[in-house]
Amino acid sequence: WTWLMVVDDDEYVFVDHVIEQLRHRNPADRVILGWPGCGNCSKSNKVERRGMCGGAGYLVSRQNLLSMASAETAPVSAAKQEAFFSEFMQEPDSVWCDVRFGCVAQAHGLILEKMEGLHSSPI
């Protein structure tokens, strides 16, 4: 697989539209696609970075997901898996997995980018 899309179980996805959007994307680009701008990724009350918003889902390339786990190829070692998952359980914003994913992605040098066709709030 080249791309992973994470959505909640109460979402619907027009797969053909997503595939068309990804056709124009390079999986080596250091981006996470979704609807950025929610939560607070900084440990202070001052908002310096925000994570991904819920409802829209997000997409990450296999290459970028591996880099977030400090790996170049799969399978990822158990130690790296543990370190990767523990990052998601830390504050700030560890309650919301989509927000936290965006925070962790940015900590690994990835850029959050809005993807056309995804909607975080009612249309």
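Throughout what follows, the structure given in this document is the object of discussion. (Residues numbered from 1 in each chain as written. Predicted model: local features only at pLDDT ≥ 70, side-chain atom pairs only at ≥ 80, totals over all residues. Heavy atoms only, no water.)

A look at the overall build of the protein
Link 1 in the chain: Assigned secondary structure in the protein consists of four helices and six strands.
Link 2 in the chain: Taken from N to C terminus, the helices and strands of the protein fall in the order β-α-β-β-β-β-α-α-α-β.
Link 3 in the chain: Computed over its C-alpha atoms, the radius of gyration of the protein comes to 14 Å, within 12% of the 14 Å expected for a compact globule of 123 residues.
Link 4 in the chain: Each principal axis of the C-alpha distribution contributes one length, and for the protein these read about 35 × 35 × 25 Å.
Link 5 in the chain: For the protein, with 123 residues in total, the buried portion stands at 36%.
Link 6 in the chain: For the protein, contacts bridging at least 24 residues in sequence account for 64% of all contacts bridging at least 6.
Link 7 in the chain: Side-chain charges in the protein split into 11 positive and 16 negative, and the spacing between the mean points of these groups amounts to 8 Å. (Helix = DSSP H or I, 4+ residues; strand = E, 2+ residues; numbered from the N terminus. Rg over C-alpha atoms; globule rule 2.2 N^0.38 Å. Buried < 20%, exposed > 50% of the residue type's maximum accessible area, 1.4 Å probe, protein only. Contact = heavy atoms within 4.5 Å. Lys, Arg positive; Asp, Glu negative; His and termini not counted. Charge placed at Lys NZ, Arg CZ, Asp CG, Glu CD.)

Side note on the nonpolar core
In globular proteins that are soluble, nonpolar side chains generally tend to be buried together.
Link 1 in the chain: By size, the foremost hydrophobic cluster in this structure holds 17 residues, and its most contacted members are Ile 32, Met 68, Phe 84, Phe 88, Phe 101 and Ala 105.
Link 2 in the chain: If you list the elements that add at least two residues to this core, you get strand S5 (58-61), helix H2 (62-68), helix H3 (78-88) and helix H4 (97-107).
Link 3 in the chain: The residues touching Met 68, leaving out its near neighbours within four places in the chain, are Phe 84, Glu 87, Phe 88, Phe 101, Val 104, Ala 105, His 108 and Leu 110.
Link 4 in the chain: Judged by nonpolar contacts, the second largest core, of nine residues, contains Val 18, Leu 22, Val 31 and Leu 59. (Core = buried A, V, L, I, M, F, W, Y, C linked by side-chain atoms within 4.5 Å.)

What about a nonpolar patch on the surface?
Link 1 in the chain: A contiguous nonpolar surface patch, about 280 Å² in accessible area, is contributed by Val 7, Val 13, Val 15 and Ile 19.
Link 2 in the chain: You can see Val 13 is positioned in the loop between strand S1 (3-6) and helix H1 (15-23).
Link 3 in the chain: Accessibility expressed as a relative area gives 33% for Val 13, which makes it partly exposed. (Patch = residues over 30% accessible without salt bridge, like charges linked within 9 Å, V, L, I, M, F, W, Y side chains within 5 Å. Areas by Shrake-Rupley, 256 points an atom, 1.4 Å probe, with all protein chains shown as cover. Salt bridge = Lys/Arg side-chain N within 4 Å of Asp/Glu carboxyl O.)

Points about a negative patch on the surface
Link 1 in the chain: Where like charges cluster on the molecular surface, the negative patch consists of Asp 8, Asp 9, Asp 10 and Glu 11.
Link 2 in the chain: Secondary-structure assignment places Asp 10 in the loop between S1 and H1.
Link 3 in the chain: The exposure class assigned to Asp 10 is exposed, which follows from its relative accessible area of 58%.

It is worth stressing that arrangement in space is one thing and function is another; only the former is reported here.
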